[in-house]
Protein chains: 2
Amino acid sequence: MVPVTEQAGTSDGARPMRADARRNYEKIVAAAREVFAERGAEGSLDEIARRAGVGPGTLYRHFPTREDLIDELMRDWTSRVVADSDNAVAAGRPARETLVRWFDDLVRHLTLHRGAAAKLSAAMDDRSSPIFRKCQQLADANERVVRHLAETGELRRGVEPRHLMRLVAGVAVVADAAAVTDEEIAAMLGIVIDGVVLDPAPS
Amino acid sequence: MVPVTEQAGTSDGARPMRADARRNYEKIVAAAREVFAERGAEGSLDEIARRAGVGPGTLYRHFPTREDLIDELMRDWTSRVVADSDNAVAAGRPARETLVRWFDDLVRHLTLHRGAAAKLSAAMDDRSSPIFRKCQQLADANERVVRHLAETGELRRGVEPRHLMRLVAGVAVVADAAAVTDEEIAAMLGIVIDGVVLDPAPS
DNA sequence: TGCTAAACGGAGACTGTCTCCGCATTCCTG
DNA sequence: CAGGAATGCGGAGACAGTCTCCGTTTAGCA
């Protein structure tokens, strides 16, 4: 059991943060949430520092790169997606229905902030990226869902989870860059799903 | 018959460019080709001006935005893709094979320069973008291929060409951002194709 | 309370975008 | 071929963003 006092910015094992550092850390995270929500994942970092009421130096000490900051914003978020994948598996619904829900969740989460989907999908193969681990978690969650369906024999042979992950990431990226309606996203995901499930699709 | 002396930068209908202007225009295009090839579609515009041996002002007069420059680099390129689509239709191959070739062409062309795929797919819905017309041409070419296959009855009902266009653009974008092998690209496109063709897929 | 390690923050170096306008070049006309 | 608009040039510099360095401040402990 992890102590409930475990909080953002608390070192994992290292010495606890000084009170002022913790305070600033949290102000920065709050400001980042604001700015990213307004301006997307490419919002100005100095602007975030300004809104947080700290100097740029302070921001960069806590978060050496933009990705580190994004990583922090995605902290709880990722675990929620992972939980969604567990539910998807546990529910025992037919493959098509499971995938519709799961992909929809995935896209919705990937496009939380404008520009985030592109960052995430770029980091998927970049071990040096601070958000690489997050991407791995998402990919693992996806793999769990896909493997589960494969075992029930409802998917075509040879379907690789990572290809589906990338396809869905692709959908998320274009949906994020251009203004694509939810219906269109659903239609695109529908094509992908038709491409991997075995059961006869209508028409 | 269009006069053979018609050249890049020659106005369409307006007064011909002054000799020095034409010279600079071409130096800029050559430099842009270099820089974009080396650094991707986000390469520095001032760097392009420097290599072309002109001032930034000159570059911006000829090409007010980065997209205008990309547009010029894609001049002949787009027509080649359009020709490919005509060939694809004319060959009269089975749907699956036609799509494999066509999507492969599309992805290869979209990822010509790093970052270009993202720009293209963002411009697809942005009427104000200088490259919007290019995107339309690509989309039209795709629509021709898809509609043709639909008419031969080899595709599932309700498949919208623009959804396929976006899906393929998505594949191109993720392939471009991350380092994805040709085999993986083919596999992803294969899933999309399985999602739209009617004939029984192997396994 | 006084000391030390930790953290702060802002000046400023650097890079990239983009504009403005005095100067140079072209090319037309007489 | 000369002269004068018209056209185009180009670089200084405003502006915005990233990121660092280091003198100053502060927290937390003894």
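Keep in mind that what you see is a predicted model, and the values were worked out from it rather than measured. (Residues numbered from 1 in each chain as written. Chains lettered and ligands numbered in written order. Predicted model: local features only at pLDDT ≥ 70, side-chain atom pairs only at ≥ 80, totals over all residues. Heavy atoms only, no water.)

Student: Explain the overall build of chain A residue by residue, including any values.
Tutor: Counting its regular elements, chain A contains 10 helices and zero strands. In chain A, the order of α-helices and β-strands from amino to carboxyl end is α-α-α-α-α-α-α-α-α-α. A total of 203 residues make up chain A; the buried ones form 49% of that total. When contacts within chain A are restricted to residue pairs at least 6 apart in sequence, those whose partners lie at least 24 apart make up 67%. Accessible surface for chain A amounts to roughly 10,200 Å². Of this, 50% is attributable to carbon and sulfur atoms. Counting 28 positive and 32 negative side-chain charges, chain A places the centres of these two groups 5 Å from one another. (Helix = DSSP H or I, 4+ residues; strand = E, 2+ residues; numbered from the N terminus. Buried < 20%, exposed > 50% of the residue type's maximum accessible area, 1.4 Å probe, protein only. Contact = heavy atoms within 4.5 Å. Areas by Shrake-Rupley, 256 points an atom, 1.4 Å probe, with all protein chains shown as cover. Lys, Arg positive; Asp, Glu negative; His and termini not counted. Charge placed at Lys NZ, Arg CZ, Asp CG, Glu CD.)

Student: Any details on helix α9 (residues 161-177) of chain A? Residues and values, ideally.
Tutor: Over its 17 residues, α9 of chain A extends 24 Å from the first C-alpha to the last, a length consistent with the 24 Å expected when each residue adds 1.5 Å. Extensive coverage of α9 of chain A is indicated by the burial of 15 of its 17 residues. (Expected span 1.5 Å × (residues − 1).)

Student: Pulling in residues and values, what's your account of the relation of the copies chain A and chain B?
Tutor: Under the fitted operation, chain A is carried onto chain B by 0.0 Å of movement along the axis and a turn of 180°, and the coordinates agree to an RMSD of 0.1 Å. With respect to symmetry, the two chain copies, as superposed, fit the operation of a two-fold axis. (Least-squares fit on C-alpha atoms with pLDDT ≥ 70 in both.)

Student: Explain the pattern of salt bridges to me, and be specific about the residues and the numbers.
Tutor: Residue and element names in this part refer to chain A. Across all of its chains, the model carries 40 salt bridges over all chains by this definition. Measuring nitrogen to oxygen at the nearest pair gives 3.0 Å for the salt bridge that ties Lys134 to Asp71. Residue Lys134 is located in helix α8 (residues 132-151), and its partner Asp71 is located in helix α4 (residues 66-73); the two are separated by 63 residues in the primary sequence. In this structure, the salt-bridge partner of Glu97 is Arg93, at a minimum N-O distance of 4.0 Å. Using a relative accessible area of 35% as the deciding quantity, one classes Glu97 as partly exposed. Via salt bridges that share partners, Glu34, Glu38, Glu47, Arg50 and Arg51 belong to a single interconnected network. (Salt bridge = Lys/Arg side-chain N within 4 Å of Asp/Glu carboxyl O.)

Student: Lay out the nonpolar core in plain terms, naming residues and giving numbers.
Tutor: In this structure, Ile48, Leu99 and Phe103 of chain A together with Ile48 and Phe103 of chain B are the most contacted members of the largest nonpolar core, which totals 128 residues. Beyond its immediate chain neighbours, meaning those up to four positions away, Ile48 of chain A contacts Ile28, Ala31, Ala32, Val35, Phe36, Leu59 and Leu69 of chain A. (Core = buried A, V, L, I, M, F, W, Y, C linked by side-chain atoms within 4.5 Å.)

Student: Residues and numbers for the confidence of the model for chain A, please.
Tutor: When pLDDT is averaged along chain A, the result is 91; 91% of the residues meet or exceed 70. pLDDT under 50 marks residues 1-11 of chain A. Its contacts with residues more than four places away, or in other chains, come to 15 contacts. (pLDDT = per-residue confidence, 0-100.)

Student: Just give me the short version of the protein's contact with DNA strand D, but keep the residues and values in it.
Tutor: The local shell around DNA strand D holds 23 residues, among which Asp46 and Arg66 of chain A together with Arg18, Asn24 and Arg61 of chain B are the closest. When the atoms of DNA strand D within 4 Å of the protein are sorted by group, sugar and phosphate make up 62%. A distance of 3.4 Å separates a base nitrogen of DNA strand D from a polar atom in the side chain of Asp46 of chain A. Between Arg61 of chain B and DNA strand D, the recorded distance is 2.3 Å, taken from a side-chain N or O atom to a phosphate oxygen. Those elements that place two or more of their residues in the surface near DNA strand D are α1 (19-39), α2 (45-52) and α3 (56-62) of chain A together with α1 (19-39) and α3 (56-62) of chain B. For the surface near DNA strand D, the element with the highest residue contribution is α3 of chain B, accounting for five residues. (Near = heavy atom within 4 Å. Polar contact = N/O pair within 3.5 Å; in protein donor to acceptor, adjacent residues only side chain to side chain.)

Student: An account of the interface of chain A and chain B is requested, with residue identities and associated values reported.
Tutor: Contacts between the two partners involve 30 residues from chain A, matched on the other side by 30 residues from chain B. Between chain A and chain B, a total of about 2,500 Å² is buried, with carbon and sulfur atoms accounting for 67% of that surface. The interface formed by chain A and chain B holds four salt bridges in total. Between Arg166 of chain B and Glu184 of chain A there is a salt bridge, with the nearest N and O atoms lying 3.7 Å from each other. For the pair chain A and chain B, the number of links is two residue pairs in polar contact (both at pLDDT 80 or more). If you list the elements that add at least two residues to the side of chain A that touches chain B, you get α7 (116-123), α9 and α10 (182-194) of chain A. Per element, the largest residue contribution to the side of chain A that touches chain B is 11 residues, and it comes from α9 of chain A. The residue makeup of the side of chain A that touches chain B, split by class, is 18 nonpolar, five polar and seven charged. (Buried area = accessible area lost by both parts, 1.4 Å probe. Nonpolar A, V, L, I, M, F, W, Y, C, P; charged D, E, K, R; others polar.)

Student: So what's going on with the protein's contact with DNA strand C? Which residues, and what values?
Tutor: What surrounds DNA strand C is a group of 24 residues, the closest being Arg18, Asn24 and Arg61 of chain A together with Asp46 and Arg66 of chain B. One of the side-chain nitrogen or oxygen atoms of Thr58 of chain A is found 3.4 Å away from a phosphate oxygen of DNA strand C. Contact distances for DNA strand C include 3.3 Å between a phosphate oxygen and a side-chain N or O atom of Arg23 of chain B. Counting residues per element, the ones that place at least two in the surface near DNA strand C are α1 and α3 of chain A together with α1, α2 (45-52) and α3 of chain B. When residues in the surface near DNA strand C are grouped by element, the largest group, five residues, is from α3 of chain A. Within the surface near DNA strand C, the residues separate by chemical class into seven nonpolar, eight polar and nine charged.

Student: Lay out the environment of Trp102 of chain B with the relevant residues and their values.
Tutor: All names here are of chain B. Positionally, Trp102 belongs in helix α6 (residues 95-110). Sequence-wise, Trp102 and Asn142 are 40 residues apart; in three dimensions their C-alpha atoms are separated by 8.3 Å. The contacts of Trp102, once residues within four sequence positions are left out, are Val81, Asp84, Ser85, Ala141, Asn142 and Val145.

Student: Requested: an account of the side chain of Ser85 of chain A, with residues and values cited.
Tutor: Residue and element names in this part refer to chain A. Position of Ser85 among the secondary structure elements: in helix α5 (residues 75-91). Ser85 sits in the buried class, given a relative accessible area of 1%. Excluding residues within four positions of it along the chain, Ser85 makes contact with Trp102, Ala141, Arg144 and Val145.

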